[in-house]
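Below, each chain spelled out in residue letters.
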Amino acid sequence: MVVAVDVGYGYVKAAGAEGRRVSWPTTLRRRAPGGGYAALGQAAGRRVRVQRPGAEPAEYQAGEAGRRAWAADAADRAGYDVQVLAAAAALGAAGDTDVLLGLPLALWVQQPQRRALRDALEGIEATVAVNGGPEARISIRSVRVLPQGAGAFQWALRQDPSLARRPVGLIDVGYRTTDYLVMRRVATGLAPDEASCGSADLGAGQVYERVRAALSEEAAVLVPEGAVEDAIGNYGGQMFLRGREVDAGAQVEDATRTLAAEVTEEIRRAWGDRLPLLGAVLLSGGGGEAVAPFLRDLHPLARPMPDALWANALGFLAMAGATVQG
Ligand SMILES: Nc1ncnc2c1ncn2[C@@H]1O[C@H](COP(=O)(O)OP(=O)(O)OP(=O)(O)O)[C@@H](O)[C@H]1O
Ligand SMILES: [Mg+2]
């Protein structure tokens, strides 16, 4: 089975055969085997049991709100392998599994980065169970590392083949990074305009971080990482700080405007006089959906693409020639 796993800094997004998709925050906590309080109610995220040949089984909780692993190199990010195994198992993979992974463009262009990620995962064998489901023996037969953004572009092109007939700018705004590229038509087909490709340290994570810092100062209380996201995702933006009710939603919207302004500045700098000549400006990633309403000044055609959050994973499947369902 082929699975595409977009292990973002913020969220894992994975897609496989028959249109199956799974997603959870990119967090991982080791837990005691068979233990935990999950029986008291629904546990956040997924419980993952991994048994490697000759090793004791290990249990993890993936996808709870909280701190993300922030290593610069993907291959060094703690728990990357567990996230990939969990995603594959959750998608129903068993036996030989071909895995498609993404890297931010600025890393992907460095061949040692691609190789390190592939070497870290290729050949892994493990028996994996998610949320007490059936055990799947997964053997990672091959790993292909593809550029983020390019995956999203392929996905958009599949939805709208007319994108091949005009210069297209693509901006993938994630949790930590923003990847951008311009695809142009050349004599031999479509090609990225190298001068217009890159990555910047901009993403939705900064929105939450800014709001967290502001609320911590206002209420003189240390708001933990993940708490603002938790309030937005699970409590309609409402938070309690020392007994006072606070609407974090309004602050998140303000910080999202600030992020949109920063993305605008970065893209204007990177694309320069090519920007006004684009025939489409597509936004992908969860951050892309969030900033899209505030990017009218950047370009009148700026809009989120269909399945913006899943675009990289779905595009990786398309690039590998797998059958993809939107
Ligand atoms: N499964 C999900 N449920 C709810 N919101 C989500 C989900 N996945 C992503 N988001 C939203 O998208 C934002 C992150 O975007 P995205 O998932 O594209 O980033 P990422 O790919 O993890 O980060 P990066 O590309 O920098 O590595 C989050 O802040 C959140 O608002
Ligand atoms: Mg991403």
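Quick caveat, the model's predicted, so the values are computed rather than measured.

**Q** Sorry, what's going on with the packing of aromatic side chains here?
**A** Working definition: an aromatic ring pair is given by the centre-to-centre distance plus the angle between the planes. Using the criterion set out here, one finds two aromatic pairs in the structure. With a centroid separation of 6.4 Å and 80° between ring planes, the pair formed by Tyr 180 and Trp 271 is classed as edge-to-face. Note that Tyr 180 is positioned in strand S11 (residues 178-186) and Trp 271 in helix H7 (residues 248-271), a separation of 91 residues in sequence. By relative accessible area, which is 4% here, Tyr 180 ends up buried. Since its relative accessible area comes to 0%, Trp 271 is described here as buried.

**Q** Explain the site of ligand 1 here, please?
**A** The immediate surroundings of ligand 1 are formed by 18 residues, with Tyr 9, Lys 13, Ser 23, Tyr 175 and Gly 286 found nearest. Within the side chain of Ser 23, one N or O atom sits 2.8 Å away from a nitrogen atom of ligand 1. For ligand 1, whose unbound accessible area comes to 630 Å², protein coverage reaches 80%. Of all the elements in the fold, those that place two or more residues in the shell around ligand 1 are strand S2 (11-15), helix H5 (204-219) and helix H8 (285-291). Broken down by element, the shell around ligand 1 gets its largest block of residues, three residues, from H8.

**Q** Can you walk me through the domain arrangement of the protein chain in this structure?
**A** Interfaces are often described in size by the accessible area the parts lose on coming together. For the protein chain, the domain assignment lists domain 1 (2-147) and domain 2 (160-306). A straight line from the C-alpha centre of domain 1 to that of domain 2 covers 25 Å. Contacts between domain 1 and domain 2 engage twelve residues on the former and twelve residues on the latter. Interface area, domain 1 with domain 2, both sides summed: about 1000 Å², of which 60% is carbon and sulfur. Taken together, the connections running from domain 1 to domain 2 amount to one salt bridge. For the salt bridge of Glu 229 with Arg 68, the shortest nitrogen-to-oxygen distance reads 3.1 Å. Our count for the contact surface shared by domain 1 and domain 2 stands at five residue pairs in polar contact (both at pLDDT 80 or more). Across the side of domain 1 that touches domain 2, the residue classes tally to eight nonpolar, two polar and two charged.

**Q** When you look at the nonpolar core in this model, what are you seeing that I'm missing?
**A** If you look at soluble globular proteins, the nonpolar side chains tend to sit buried side by side. Judged by nonpolar contacts, the single largest core of 38 residues is most densely connected at Ile 171, Leu 215, Val 228, Met 239, Ile 267, Trp 271 and Leu 283. At the level of secondary structure, the elements contributing two or more residues to this core comprise strand S10 (168-173), S11, H5, helix H6 (227-234), strand S14 (238-241), H7 and strand S16 (280-284). Per element, the largest residue contribution to this core is nine residues, and it comes from H7. With residues up to four places along the chain from it excluded, the contact list for Leu 283 reads Ile 171, Val 173, Gly 288, Val 291, Ala 292, Leu 295, Ala 302, Arg 303, Pro 304, Met 305 and Ala 308. In this structure, Val 5, Val 48, Tyr 60 and Ala 87 belong to the second largest nonpolar core, which totals 37 residues.

**Q** Before we go on, may I ask you to explain the sheet that holds S2 in this structure?
**A** Each strand in a sheet pairs with its neighbour through backbone hydrogen bonds, running either in the same direction (parallel) or in the opposite one (antiparallel). Taken in spatial order, the nine strands of this open sheet run S3-S2-S1-S7-S9-S8-S5-S6-S4, and their pairing is mixed. Edge positions in the open sheet fall to strand S3 (21-25) and strand S4 (28-31), since each of these has one partner strand only. For this sheet the average axis-to-axis angle between neighbouring strands, irrespective of direction, equals 30°. Alignment of strand S8 (residues 125-130) against strand S9 (residues 136-147), held across four bridges, turns out to be antiparallel. Residue Thr 127 lies in a different strand from S9, and its bridge partner there is Arg 137.

**Q** Sorry if this is basic, but what is going on with the pattern of salt bridges here?
**A** Here the structure, examined in full by the defined rule, presents 17 salt bridges. The salt bridge partner of Arg 29 is Glu 64, with a shortest N-O separation of 2.9 Å. Within this pair, whereas Arg 29 is found in strand S4, its partner Glu 64 is found in the loop between strand S6 (58-62) and helix H1 (80-90), the two being separated by 35 residues in sequence. For Arg 29, a relative accessible area of 40% puts it in the partly exposed group. The closest approach of N and O atoms between Arg 141 and Asp 98, which form a salt bridge, is 2.7 Å. Highlighted residues: Arg 141 in strand S9 and Asp 98 in strand S7 (residues 95-103), separated in sequence by 43 residues. Several salt bridges converge on common partners, so that one network encompasses Arg 31, Arg 49, Glu 59 and Glu 135.

Parameters at a glance
- Residues numbered from 1 in each chain as written.
- Chains lettered and ligands numbered in written order.
- Predicted model: local features only at pLDDT ≥ 70, side-chain atom pairs only at ≥ 80, totals over all residues.
- Heavy atoms only, no water.
- Phe/Tyr/Trp six-rings, centres within 6.5 Å; stacked < 30°, edge-to-face > 60°.
- Helix = DSSP H or I, 4+ residues; strand = E, 2+ residues; numbered from the N terminus.
- Buried < 20%, exposed > 50% of the residue type's maximum accessible area, 1.4 Å probe, protein only.
- Near = heavy atom within 4 Å.
- Polar contact = N/O pair within 3.5 Å; in protein donor to acceptor, adjacent residues only side chain to side chain.
- Areas by Shrake-Rupley, 256 points an atom, 1.4 Å probe, with all protein chains shown as cover.
- Domains from an automatic or database assignment.
- Contact = heavy atoms within 4.5 Å.
- Buried area = accessible area lost by both parts, 1.4 Å probe.
- Salt bridge = Lys/Arg side-chain N within 4 Å of Asp/Glu carboxyl O.
- Nonpolar A, V, L, I, M, F, W, Y, C, P; charged D, E, K, R; others polar.
- Core = buried A, V, L, I, M, F, W, Y, C linked by side-chain atoms within 4.5 Å.
- Pairing = 2+ DSSP bridges.
- Axes fitted to C-alpha atoms, helices over the stretch in contact; angles between N-to-C directions.

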